[in-house]
Amino acid sequence: MLDDQFLIYVDRLQNGHKEKIELELDPAFLGKMEWGVEFQKPVIIQGECYTTKGELLVHLEMKTEVTLPCAICNELVKHPIQIRNFYCVESLNRIKNGTFSFKEIVCEEILLDVPLTTECNDNCPKRGELAKYFSKGGGSHPFSEL
Ligand SMILES: [Zn+2]
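Residues numbered from 1 in each chain as written. Predicted model: local features only at pLDDT ≥ 70, side-chain atom pairs only at ≥ 80, totals over all residues. Heavy atoms only, no water.

J.: What is the right way to read the coordination of the zinc ion from this model?
T.: Think of it this way: four donors in a tetrahedron around the metal ideally sit 109.5 degrees apart, and six in an octahedron ideally sit 90 or 180 degrees apart. The protein atoms that coordinate the zinc ion are Cys70 (SG), Cys73 (SG), Cys120 (SG) and Cys124 (SG), at distances of 2.2 to 2.3 Å. Around the zinc ion sit four donor atoms, and with donor-metal-donor angles ranging over 104 to 120° the site reads as tetrahedral. Cys70 gets classed as buried once you look at its relative accessible area, which sits at 2%. Using a relative accessible area of 5% as the deciding quantity, one classes Cys73 as buried. (Donors = N, O, S within 2.8 Å, 3.2 Å for Na, K, Ca; no water. Tetrahedral: all angles 85-135°; square planar, octahedral: opposite > 155°, others 65-115°. Buried < 20%, exposed > 50% of the residue type's maximum accessible area, 1.4 Å probe, protein only.)

Below, the structure is given as structure tokens:
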């Protein structure tokens, strides 16, 4: 996996030059998830970077989708992740070798957006059934094996 795509070459950003960022990435760069948490869609990152007054500014939008099991029925639930207007500011003095990688900050932002628990449609229809201990005789909603 090349990490080059996360690199910003600061010397290309002189004289107010802005550079566009447009990436569609395999979610593997996010690393290993907790059990049941999966990213199956590409991570789309769009934005721009520029320098001003001794600082590098990175402005990003990130979009993807995570699936995780419903806390009640274990059915996989899709949860869209969309982060708008994310800004990162780094002092140019702190940038070594003329390059800045935004990989870590993107990972952090996306993972912060993964809910700790979720339910189907924010209110699992099986909630009621569980409360009644499946008193209807059961069998009508076999839990799907993952
Ligand atoms: Zn559910």
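J.: Which parts of the structure should I look at to understand the pairing of strand 6 (residues 76-91)?
T.: The two faces of a sheet get side chains in turn, since along a regular strand they alternate between them. In this structure, strand 5 (residues 55-69) lies alongside strand 6, joined through 14 bridges in antiparallel fashion. Residue pairing for strand 6: Lys63 is matched across the bridge by Gln82. The turn linking strand 5 back onto strand 6 is made up of six residues, and Asn74 within it adopts a positive phi angle of 75°. (Pairing = 2+ DSSP bridges. Helix = DSSP H or I, 4+ residues; strand = E, 2+ residues; numbered from the N terminus.)

J.: Can you walk me through the packing of aromatic side chains in this structure?
T.: The relation between two aromatic rings is expressed through the spacing of the ring centres and the mutual angle of the planes. Inspection of every chain in the model, using the stated rule, returns two aromatic pairs. Seen from their ring centres, Phe6 and Phe29 are 5.0 Å apart, and the 55° between their planes marks the pair as tilted. Of this pair, Phe6 sits in the segment before strand 1 (7-9) while Phe29 is found in the loop between strand 2 (19-25) and strand 3 (38-39), placing the two residues 23 residues apart along the sequence. Each member of the pair, Phe6 together with Phe29, is buried. Taking the centre distance of 5.8 Å and the plane angle of 75° together, the rings of Phe6 and Phe102 count as edge-to-face. One end of the pair, Phe6, is in the segment before strand 1; the other, Phe102, is in the loop between strand 7 (99-101) and helix 1 (103-112), with 96 residues separating them in the sequence. Through successive ring pairs, a cluster of aromatic residues spans Phe6, Phe29 and Phe102. (Phe/Tyr/Trp six-rings, centres within 6.5 Å; stacked < 30°, edge-to-face > 60°.)

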